Amino acid sequence: MFADNVLIVTIVAAFLIAVLIGPLFIPFLRRLKFGQAIREEGPQSHFKKAGTPTMGGTIILLALIFTVLKFANATMEIYFLLLVTLGYGLIGFLDDFIKIRKKRNLGLTARQKFAGQIVLAIGAYILLLMMGHDTSLHLPGTPWKLELGYFYFPFLLFLLVGTTNAVNITDGLDGLLAGTGAIAFGAYAIIAWFGQDYDTAIFSAAVVGAVLGFLVFNAHPARVFMGDTGSLGLGGALAGIAIMTKTELLLAIVGGVFVVETLSVILQVVSFKTRGKRIFRMSPLHHHFELTGWSEWRVVVTFWLVGMFFAGLGVYLEVVTIR
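Residues numbered from 1 in each chain as written. Predicted model: local features only at pLDDT ≥ 70, side-chain atom pairs only at ≥ 80, totals over all residues. Heavy atoms only, no water.

Time to look at the packing of helix α6 (residues 176-194) against helix α7 (residues 198-218). Across the interface, α6 lies against α7 with an axial gap of 8 Å and an inter-helix angle of 160°. Between α6 and α7, the angle is such that the two are roughly antiparallel. Seen along the crossing, α6 lies across α7 with a hand that is left-handed. Residue-level inspection shows Ala178, Ala182, Phe185, Gly186, Tyr188, Ala189, Ala192 and Trp193 of α6 in contact with α7, the latter providing Tyr198, Thr200, Ala201, Ser204, Ala205, Val207, Val208, Val211, Leu212, Phe214, Leu215 and Asn218. (Axes fitted to C-alpha atoms, helices over the stretch in contact; angles between N-to-C directions. Helix = DSSP H or I, 4+ residues; strand = E, 2+ residues; numbered from the N terminus. Parallel < 35°, antiparallel > 145°, perpendicular 65-115°, else oblique. Left-handed = near helix turned anticlockwise from the far one by under 90°. Contact = heavy atoms within 4.5 Å.)

Turning to a nonpolar patch on the surface, a few remarks are in order. Residues Val259, Leu263, Ile266, Leu267, Val270 and Ile279 make up a contiguous nonpolar surface patch of about 480 Å² in total accessible area. Among the structural elements, Val270 can be located in helix α10 (residues 256-275). The exposure class assigned to Val270 is partly exposed, which follows from its relative accessible area of 46%. (Patch = residues over 30% accessible without salt bridge, like charges linked within 9 Å, V, L, I, M, F, W, Y side chains within 5 Å. Areas by Shrake-Rupley, 256 points an atom, 1.4 Å probe, with all protein chains shown as cover. Salt bridge = Lys/Arg side-chain N within 4 Å of Asp/Glu carboxyl O. Buried < 20%, exposed > 50% of the residue type's maximum accessible area, 1.4 Å probe, protein only.)

Turning to the nonpolar core, a few remarks are in order. By size, the foremost hydrophobic cluster in this structure holds 95 residues, and its most contacted members are Phe80, Tyr152, Leu160, Tyr188, Phe203, Leu234 and Ile243. Each residue touching Tyr188, except ones within four places of it in the same chain, is listed here: Ser204, Leu238, Ile241, Ala242, Thr245, Thr247, Leu250, Leu251 and Val254. (Core = buried A, V, L, I, M, F, W, Y, C linked by side-chain atoms within 4.5 Å.)

What follows concerns the environment of Ala72. On the secondary structure map, Ala72 appears in the loop between α2 (57-71) and α3 (76-102). Judged by relative accessible area, Ala72 falls into the buried class, the value being 13%.

When the UniProt feature table is mapped onto this chain numbering, "binding site: Mg(2+)" (unreviewed entry) sits at Asn168 and Asp228. The named residues occupy 61 residues along the chain; their greatest pairwise C-alpha distance, 6.7 Å, places them in one compact cluster. Looking at where Asn168 falls in the secondary structure, it is placed in helix α5 (residues 152-170). Not counting residues up to four positions away in its chain, the partners in contact with Asn168 are Asp228, Ser231 and Leu232. Inspection of the secondary structure assignment puts Asp228 in helix α8 (residues 227-244). If sequence neighbours within four positions are ignored, Asp228 has contacts with Gly92, Asp95, Asp96, Lys99, Lys113, Asn168 and Gly233. (UniProt positions renumbered as here; feature names shortened; annotations may be inferred.)

Before going further, it helps to examine the packing of aromatic side chains. By the definition in use, this model includes 9 aromatic pairs. Among the aromatic residues, ring-to-ring pairing joins Phe289, Trp294 and Phe303 into one connected group. Against the face of Phe272 rests Arg278, its NZ or CZ located 4.4 Å from the ring centre. Residue placement shows Arg298 over the ring face of Trp294; its charged tip is 3.9 Å from the ring centre. (Phe/Tyr/Trp six-rings, centres within 6.5 Å; stacked < 30°, edge-to-face > 60°. Lys NZ or Arg CZ within 6 Å of the ring centre and 35° of its normal.)

A separate point is α7. In an α-helix, one turn spans 3.6 residues, which is why side chains three or four residues apart end up on the same side. With 21 residues, α7 ought to run about 30 Å at 1.5 Å a step, and its terminal C-alpha atoms sit 29 Å apart, in line with that. In terms of burial, α7 is largely enclosed, as 18 of its 21 residues are buried. (Expected span 1.5 Å × (residues − 1).)

Before going further, it helps to spend a moment on the environment of Leu127. Note that Leu127 resides in helix α4 (residues 110-131). In this structure Leu127 comes out as buried when scored by relative accessible area, which is 14%. Taking the C-alpha atoms as reference, Leu127 lies 9.4 Å from Glu77; in sequence the two are 50 residues apart. Discounting residues that sit within four places of it in the chain, Leu127 has contacts with Met76, Tyr79, Phe80 and Leu83.

Okay, the environment of Phe80 next. Within the fold, Phe80 resides in helix α3. For the pair Phe80 and Tyr125, spaced 45 residues apart in sequence, the C-alpha separation works out to 9.6 Å. Setting aside anything within four residues of it in sequence, one finds Phe80 in contact with Ala124, Leu127, Leu128, Met131, Gly240, Ile243 and Met244.

This paragraph deals with the pattern of salt bridges. In this structure the tally under the stated criterion is 5 salt bridges. A salt bridge links Asp95 to Lys99, with the shortest nitrogen-to-oxygen separation between them at 3.3 Å. Here the residue Asp95 and the residue Lys99 both occupy positions in helix α3, the gap between them amounting to 4 residues, near one helical turn. With a relative accessible area of 0%, Asp95 lands in the buried category. Put simply, Asp228 and Lys99 hold a salt bridge, and the shortest N to O gap is 3.4 Å. Separated by 129 residues along the polypeptide, Asp228 in helix α8 and Lys99 in helix α3 bring together distant segments of the chain. Through salt bridges with shared partners, a single network forms among Asp95, Lys99, Lys113 and Asp228.

Examined against the element boundaries, Asp197 turns out to sit in the loop between α6 and α7. Buried within the structure, Asp197 lacks any salt-bridge partner; its nearest side chain of opposite charge belongs to Lys246, at an N-O separation of 11 Å. (Lys, Arg positive; Asp, Glu negative; His and termini not counted.)

The N-to-C vectors of α6 and helix α12 (residues 296-320) enclose an angle of 15°; their axes lie 9 Å apart at closest approach. Considering their axes alone, α6 and α12 lie roughly parallel with respect to each other. The two elements α6 and α12 cross, and the hand of that crossing is right-handed. Along the contact surface, α6 presents Leu176, Gly179, Thr180, Ile183, Ala187, Ile190, Ile191 and Phe194, while α12 presents Val300, Phe303, Trp304, Gly307, Met308, Ala311, Gly314, Val315, Glu318 and Val319. Considered class by class, the residues forming the contact of α6 with α12 number 13 nonpolar, 4 polar and 1 charged. (Nonpolar A, V, L, I, M, F, W, Y, C, P; charged D, E, K, R; others polar.)

Now the structure itself:
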């Protein structure tokens, strides 16, 4: 089962499933008029994207499920990863569906989203307790760890909510999240494999293949957007994998692009509310570069390269320095 090429086979399988689902699912979304609404305060160049089918994250989730069921063992680790991935994907699906039906930019309210995230975090924590999960945090690149005990639950809530929202913020340009996501999950496939957490490695590889298959339809100019269905689901998966591999703190490095994007929003809001001035022309950061004259494709490729740097650094710290 765990032959040296199993990760490659998993990636290829998930990729092919996504590529096969896409041409069937995208016209279905278009017939249902599940088109994307564009924020009025966003870049003017984005208004031409109005009406592009959204909720394409369903393609990613379906390809992921089929591949994981085929190649991974039915372990508690896999059940946990499916719970956080599909659970957050469901919250995103409801958010997207309300936006489309109401033809507005607001889906679920912030309170409703947070309530759903808390319920999921509680379910995830209970499952971790049943698994006898280690409640310590390992410091990246060192043999040291910090035991949290009962404080692991609030940390878990912060990690899940923070990661899903950070990934969601990054989904703003054609192919941006799909590319940076594939890079981050690829890094975790390597980390999990070298840590002998084979099922988590296969799960990570399945996400890579599913996201790359989706990228075929999401690259500029995008024929479909993943919507919150995809971005929240991917955020849940990324946090879940970090939890299973006990690299919760390393996630801030592997997912460095998501951290930077989130910080750009926080800094922009704080600066405007305290000084009445904006640091960036627009946040998240990818919009700032757009408004400085960069083409959308240049911004996306640059962020992919930065994502590769962070992912490589994360793999180095976890796989190389601890061996």
